[in-house]
Amino acid sequence: MATVFKAAEKAIAKSDGSSKTKDKRANKQRVMLLSSRGVNFRHRHLLTDLEGFLPHSKKDAKLDTKNNLYVLNELAELNNCNNAIFFEVRKRQDLYLWMSKTPNGPSVKFHVQNLHTMDELKMTGNCLKGSRHVLSFDKTFDSAPHWSLLKELLAQVFNVPKGSRRSKPFIDHVLSFSIVDNRIWFRNYQIVEKNQLNTPGCTTLDKGDISLIEIGPRFCLTTIRIFEGSFGGPTVFENPEFVHPNFIRASVRKEKLKKYQDRQKSIETRKVRVKEAEGQESELSDKRVFE
């Protein structure tokens, strides 16, 4: 009956010559959030924070494998998602963030550093769960091709489309992405109208004074490699300045070991010097004086 009614309505619109087009705003951008095995409580809290201000996201169960990441494309298709954020944890301490446009790509692998969740920071800022946000990008994103690619990828993943599921019809916070020391710094701020007419002591001249109060979380993203495909494929960009955390920990251990070796060497040298001093008796030594 509904199809007959729609067909009759279209026929009447064509006969009248007035073709009314309805703005349905069918934006199907959705993000899948999941992590690998071995995450600690800070990584879980960060994943929960991301789910809080991404109402168009869908959280999935943990992934058992860390090698065959092409399985994530199938999981995203099953969940009806065209974006994916995957937390890969190595040695229960190194957190790597994969961000991809499934199923064709591109994708990028980040190393997450300086991580502070909302529970740790306890900032005074606050926003409604499910509300939309404004994306703010540093002008440095337009300085190089790989930064422009990352800007477009971040915009498509973190931008909440209008009319998406569980989203509220207003904007009350800002997501800031800044590039400092060749890393992307993430911040989340609440939009506050500092002086309103209903606030005591405010006049009409103070109307519209807006300030930003940080909410959290905080973290830094170091780009490791950008791939042409989704979770793999040819390398588009590789960061030459990235140093693996294993090499950093190995160098720290070598420095500690070198200090220990130097200390042991100085002890042995002192022992040899004492023995040599005991073998060389002077004319005023006790043995010669009291013979």
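Please refer to the structure higher up on the page.
The written sequence of each chain sets the order in which its residues are numbered from 1. Per-residue local features are limited, in this predicted model, to residues with pLDDT of at least 70; the limit for side-chain atom pairs, both in listing and counting, is 80 or more; totals at the level of whole chains, interfaces and linings are taken over all residues. Hydrogen atoms and water are omitted, and side-chain values are computed over all heavy atoms in the structure.

Draft legend 1. Representation of the layout of surface pockets in the model. Throughout, the protein atoms alone are placed on a 1 Å grid, and a set of points is a cavity if a 1.4 Å probe fits but cannot get out or a pocket if it is open with protein on both sides within 12 Å along at least five of seven lines; lining residues have an atom within 4 Å of a point. Grid points are joined across faces, edges and corners, and a volume is the space filled by probe spheres set on the points. Counted as a void, the second largest pocket has a volume near 410 Å³. For the purposes of this entry, the term helix denotes a DSSP run of H or I that reaches at least four residues, the term strand denotes a run of E that reaches at least two, and both are numbered from the N terminus. It is strand β5 (residues 107-116) that contributes the most residues to the lining of the second largest pocket, 5 residues altogether. Looking at side-chain class alone, the lining of the second largest pocket contains 7 nonpolar, 9 polar and 6 charged residues. For the lining of the second largest pocket, the domains that each give at least three residues are domain 1 (31-242) and domain 2 (244-273). Residue classes follow a fixed rule: Ala, Val, Leu, Ile, Met, Phe, Trp, Tyr, Cys and Pro count as nonpolar, while Asp, Glu, Lys and Arg count as charged, and any other residue, Gly among them, counts as polar. Each domain span listed reflects an automatic or database assignment of domains.

Draft legend 2. Highlighting the pattern of salt bridges. We count a salt bridge whenever a side-chain nitrogen from Lys or Arg sits within 4 Å of a carboxyl oxygen from Asp or Glu. Under the defined criterion, the tally for this structure stands at 8 salt bridges. Here E238 and R225 are joined by a salt bridge, their closest N and O atoms 2.9 Å apart. Taken as a pair, E238 in strand β11 (residues 232-238) and R225 in strand β10 (residues 218-229) lie far apart in primary sequence, 13 residues in all. Burial classes follow relative accessibility: with a 1.4 Å probe on protein chains only, a residue under 20% of its type's maximum area counts as buried, one over 50% as exposed, and anything between as partly exposed. R225 gets classed as partly exposed once you look at its relative accessible area, which sits at 28%. By sharing partners, the salt bridges in this structure join R187, E214 and R218 into a single network.

Draft legend 3. A look at the pairing of strand β6 (residues 131-137). For two strands to count as paired, DSSP must find a minimum of two bridges between them. Here β6 runs beside strand β7 (residues 168-180); their pairing, made up of 7 bridges, is parallel. By the bridge assignment for β7, S136 is matched with S176.

These values are about where atoms sit, not about what they do.
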